[in-house]
Amino acid sequence: MVIGVLWHENVAKEKNIALENARAELLTKRVRIAGLIGVTVYPFHSFGDWTAFHDPVTVKIRLATTVVLGCIFGLCFSRWAVRRQLALVTTAFLVAIGGFQAIICYKHAFDTMYANAFDQFYATFCVLIPATTAQTAAVGLGAIAISTLPQVYMTGGVAEGTLIALSYATDFAIFLIGRHIANRLWESQFLAKQESETYYARLVQSEKMVALGRLAAGIAHELNNPVAIISSNVVSIERSAKQLSSGLTAELAAGTGAQLSRAVERLRLGITRLCSVNEQLRQYVSPPRQEVRAVDVRELLDIAVSLVESKAHQKGITIHREGTATASLTCDPQSLSHVFVNLLDNSCDATRPQGNIWLRLICQPNGSVQIEVADDGSGFPESLMERLGEPFVTTKEAGKGIGLGLAVSKLIVEKNFGKLDLANRHPGAVATVTFPASLCRANSST
């Protein structure tokens, strides 16, 4: 029970950290918009100052405030301000209100409509800045204080200042409630998206484990071959070492040395193969990190073929690699490698013994890239063609599949902005994965 409580606390803490990081990232984007408004729209109000008061001092106050705003927003783009964005943008908003109130105080224009700009400033803050409800409330109270206290101090009208503050309080409450609702909607949407991504990662990982279980026998065979090579050559090396240590003629020693060299070379090849299989297995079974980067499509296909070819060999199936094209694709390689393993594995299951599978990499003239997995098996049942790719729809016998392989593969391809098409041909079937030109860079043509 204690472990369960600790686990839930840890999950809640991770969600809070993710929320804060996402809020900080959104704030960084919004600060740029607020800065653009601050240094462009704000000084244009100097025309309104001149029209209302015909006093150059009011224009100078407005422009001086703009310079201060420019300096504050300039700091927002420095490394020092990475964790101080909210404090800086809050300061900028309060400075903007303060500059405006300085003009009102200078002209004693407290009773004019021109003095009422609290709504504009606070509404802009609530709309642009993704602050928490408490932070937004603190900014609003500060803005009300800046808007009312100078009037109370200069005129002595406490009652009138109180009425103005109450009027601002109504607007303050409306904007604060709006900001609170917006925060809750954003947080719920973010958490839902995060949970969806977590579910997707777990689904992909579980399907990988299922596929690995189906391929386990072939992979064990693939590992046993280099292990057998290493074992047999260790015996050969021991025998040669004993012969050398017992004292041989120069001619026999030379022959034994040559045998020793050949055994060492076979050992090296066996160890290289073991390392290669281990690395491919590691890449395949690693939990998906959803790391998007450019990768050579042939590397993904090589991993898929290496994991499936032992199963194909046991059935006497030949996997043909066609096309000489090479292409770079911007994608999540860990999840996408599972798609090609699953498609090849399905083809192995559908193909009769001594059959054939064709794997093609095609670079289209329009810049898109297609990967085709075709076989000469029995094809897809026509009655299921429209439902292929839906969860729990399978063409395999009961107990051999639950219908998640193609559904997960389709989901992975779509998350990588591609398209998975399934079709029958005579004989067999073909699965085509297509990626748009915007994600691809062909290195050579077929």
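Numbering of residues begins from 1 in every chain and follows the order in which that chain's sequence is written. Only residues with pLDDT of at least 70 are given local features in this predicted model, and only at 80 or more are side-chain atom pairs given and counted; all residues enter the totals for whole chains, interfaces and linings. Based on all heavy atoms of the structure, the side-chain values leave hydrogens and waters out of the count.

*Asks:* Sorry, what's going on with the overall build of the protein here?
*Replies:* Secondary structure elements follow DSSP: runs of H or I of four or more residues count as helices, runs of E of two or more count as strands, with numbering from the N terminus. A tally of helices and strands in the protein yields 12 helices and eight strands. Burial classification: accessible surface area is computed with a 1.4 Å probe over protein chains only, and a residue below 20% of its type maximum counts as buried, one above 50% as exposed, and the rest as partly exposed. The 446 residues of the protein split such that 41% are buried. Between two residues, a contact is recorded if the distance between any of their heavy atoms is within 4.5 Å. Within the protein, contacts between residues separated by at least 24 positions form 73% of all contacts whose residues are at least 6 apart in sequence. With residues, only the protein chains shown are counted as cover, and all accessible areas are computed by Shrake-Rupley using a 1.4 Å probe. For the protein, the accessible area works out to roughly 24,000 Å², and carbon and sulfur atoms hold 62% of it.

*Asks:* Sorry, what's going on with the packing of helix H10 (residues 297-314) against helix H11 (residues 333-350) here?
*Replies:* When two helices pack together, their arrangement is given by the angle between the helix axes and the distance between those axes. Note on method: axes are straight lines fitted to C-alpha atoms, helices fitted across the in-contact stretch only, with angles between N-to-C directions ranging 0 to 180 degrees. At a minimum axis separation of 9 Å, H10 and H11 run at an interaxial angle of 30°. One element, H10, and the other, H11, form an angle in the roughly parallel class. The way H10 lies across H11 gives a crossing that is right-handed. Where H10 abuts H11, its residues Leu300, Leu301, Ala304, Val305, Leu307, Val308, Lys311 and Ala312 lie against Pro333, Leu336, Ser337, Phe340, Val341, Leu344, Asp345, Cys348 and Asp349. Three categories are distinguished: nonpolar for Ala, Val, Leu, Ile, Met, Phe, Trp, Tyr, Cys and Pro, charged for Asp, Glu, Lys and Arg, and polar for the others, with Gly belonging to the last. In the contact of H10 with H11, the residues fall into 13 nonpolar, one polar and three charged. In these notes the angle categories are as follows: under 35 degrees is roughly parallel, over 145 is roughly antiparallel, 65 to 115 is roughly perpendicular, and the rest is oblique. The crossing is said to be left-handed when, going from far helix to near helix, the turn is anticlockwise and less than a right angle, and right-handed when the turn is clockwise.

*Asks:* Please clarify how the sheet that holds strand E7 (residues 429-435) should be interpreted in this entry.
*Replies:* Strand pairs in the sheet, formed through backbone hydrogen bonds, run parallel or antiparallel to each other. In short, DSSP must find at least two bridges between two strands for them to pair. An order of E2-E4-E5-E7-E6 is seen for the five strands of this open sheet, with the pairing classed as mixed. The two strands at the open ends of the sheet, each matched to only one other strand, are strand E2 (318-322) and strand E6 (419-424). Averaged over all pairs of adjacent strands, the angle between their axes in this sheet comes to 15°, without regard to strand direction. Bridge count between E6 and E7: six bridges; the pairing is antiparallel. Across the sheet, residue Ala423 finds its bridge partner in E7, namely Val430. Each of E2, strand E4 (356-363) and strand E5 (369-375) touches H10; the most contacted strand, E2, lies at about 165° to it.

*Asks:* For this particular structure, what's the right way to read the nonpolar core?
*Replies:* In globular proteins that are soluble, nonpolar side chains generally tend to be buried together. As used here, the term nonpolar core means buried Ala, Val, Leu, Ile, Met, Phe, Trp, Tyr and Cys residues forming a set that is joined through side-chain atoms within 4.5 Å. One finds Leu329, Leu336, Phe340, Leu343, Ile371 and Val433 to be the most contacted residues of the largest nonpolar core, which totals 43 residues. Put simply, the parts of the chain that give this core at least two residues each are H10, strand E3 (326-331), H11, E4, E5, helix H12 (405-415) and E7. Looking at this core, the element that brings in the most residues is H10, giving nine residues. Discounting residues that sit within four places of it in the chain, Leu336 has contacts with Leu300, Leu329, Cys331, Ile412, Val413, Asn416 and Phe435.

*Asks:* What am I meant to see in the side chain of Ser409 here?
*Replies:* Of note, Ser409 is situated in helix H12. Note on Ser409: relative accessible area 0%, which makes it buried. For Ser409, the side chain forms a polar contact with the side chain of Asn342, separated by 3.1 Å. Among all residues touching Ser409, those that are not within four sequence positions of it are Val339, Asn342 and Leu420. Any pair of N or O atoms that falls within 3.5 Å is considered a polar contact. Within protein, one atom must be able to donate a hydrogen and the other to accept it, and sequence-neighbouring residues count only if both atoms are side-chain atoms.

*Asks:* Got a minute to help me understand the confidence of the model for the protein in this structure?
*Replies:* Any segment with low pLDDT has predicted coordinates that should not be analysed in fine detail. Residues with a pLDDT of 70 or more make up 71% of the protein, whose mean pLDDT is 77. Summary of the metric used: pLDDT quantifies the predictor's per-residue confidence within the range 0 to 100. Contacts for the low-pLDDT stretch residues 1-8, under 50 throughout, to residues beyond four places or in other chains number zero contacts.

*Asks:* Sorry, what's going on with the side chain of Arg62 here?
*Replies:* Tracing the chain through its elements places Arg62 in helix H3 (residues 56-75). Contacts of Arg62, omitting those with residues within four sequence positions, involve Tyr42, Pro43, His45, Ser46, Asp49, Phe100, Ile103 and Tyr114.

*Asks:* Help me out: how do you make sense of the pattern of salt bridges in this one?
*Replies:* Side-chain pairs of opposite charge can arise whenever the charged atoms involved come near each other. Between Lys or Arg on one side and Asp or Glu on the other, a salt bridge is scored when a side-chain nitrogen of the former is within 4 Å of a carboxyl oxygen of the latter. Applying the stated criterion to the full structure yields 10 salt bridges. In this structure, Lys107 engages Asp55 in a salt bridge whose closest nitrogen and oxygen atoms are separated by 3.2 Å. Note that Lys107 is positioned in helix H4 (residues 85-107) and Asp55 in the loop between helix H2 (46-53) and H3, a separation of 52 residues in sequence. Taking the relative accessible area as the measure of exposure, Lys107 reaches 30% and is therefore partly exposed. Between Arg352 and Asp376 there is a salt bridge whose closest N-O contact spans 3.9 Å.

*Asks:* What should I look at first to understand a nonpolar patch on the surface in this one?
*Replies:* For patch building, the residue pool is restricted to those with more than 30% relative accessible area and no salt bridge; the joining distance is 9 Å between like charges and 5 Å between nonpolar side chains (Val, Leu, Ile, Met, Phe, Trp, Tyr). Taken together, the side chains of Ile33, Ile37 and Val41 make up a nonpolar region of the molecular surface, amounting to roughly 220 Å² of accessible area. Within the secondary structure, Val41 is located in helix H1 (residues 2-44).

*Asks:* Just checking my understanding: could you explain unusual backbone geometry for this structure?
*Replies:* What you tend to see is this: most non-glycine residues have negative phi, and most peptide bonds are trans. A positive phi angle, near 50°, is found at His54, a position not held by glycine. Tracing the backbone through its elements, the reader meets His54 in the loop between H2 and H3. One non-glycine residue, Gln354, adopts positive backbone phi at about 65°. With respect to the secondary-structure elements, Gln354 resides in the loop between H11 and E4.

*Asks:* What exactly am I supposed to notice about empty space enclosed by the protein here?
*Replies:* A probe matching the size of a water molecule, rolled over the atoms, marks out where space remains unfilled. Only protein atoms enter the calculation, which uses a 1 Å grid: trapped sets of points that fit a 1.4 Å probe without letting it out are cavities, open sets showing protein on both sides within 12 Å along at least five of seven lines are pockets, and any residue with an atom within 4 Å of a point is a lining residue. Grid points are joined across faces, edges and corners, and a volume is the space filled by probe spheres set on the points. For the structure on display, the rule yields two cavities of 30 Å³ or more. Here the second largest cavity is characterised by a volume of approximately 30 Å³. Lining of the second largest cavity is provided by Phe93, Ile97, Phe121, Tyr122, Phe125, Val139 and Ala143. Where the lining of the second largest cavity is concerned, the elements lending two or more residues are H4, helix H5 (118-128) and helix H6 (133-155). For the lining of the second largest cavity, the leading source of residues is H5, giving three residues. Across the lining of the second largest cavity, the residue classes tally to seven nonpolar, no polar and no charged.

*Asks:* It is not clear to me how the environment of Leu329 should be interpreted in this structure. Could you clarify?
*Replies:* Looking at the secondary structure, you find Leu329 in strand E3. Here Leu329 falls in the buried class, since its relative accessible area comes to 1%. For the pair Leu329 and Ala294, spaced 35 residues apart in sequence, the C-alpha to C-alpha distance is 5.3 Å.

*Asks:* Explain the packing of aromatic side chains to me, please; I cannot follow it from the model alone.
*Replies:* To describe a pair of aromatic rings, you give the distance between the ring centres and the angle between the ring planes. Pairs were defined over the aromatic rings of Phe, Tyr and Trp, the Trp ring being its six-membered one, requiring ring centres within 6.5 Å. Orientation was assigned from the angle between planes: stacked under 30 degrees, edge-to-face over 60, tilted for the rest. Counted under the stated rule, the structure contains nine aromatic pairs. Members of the aromatic cluster, each reached through a chain of ring pairs, are Phe118, Tyr122, Tyr168, Phe172 and Phe175. Remark: a charge is flagged as sitting over a ring if the NZ atom of Lys or the CZ atom of Arg is within 6 Å of the ring centre and within 35 degrees of the ring normal. For the cation-ring pair, Arg62 lies above Tyr42, with the distance from its terminal atom to the ring centre recorded as 4.7 Å.

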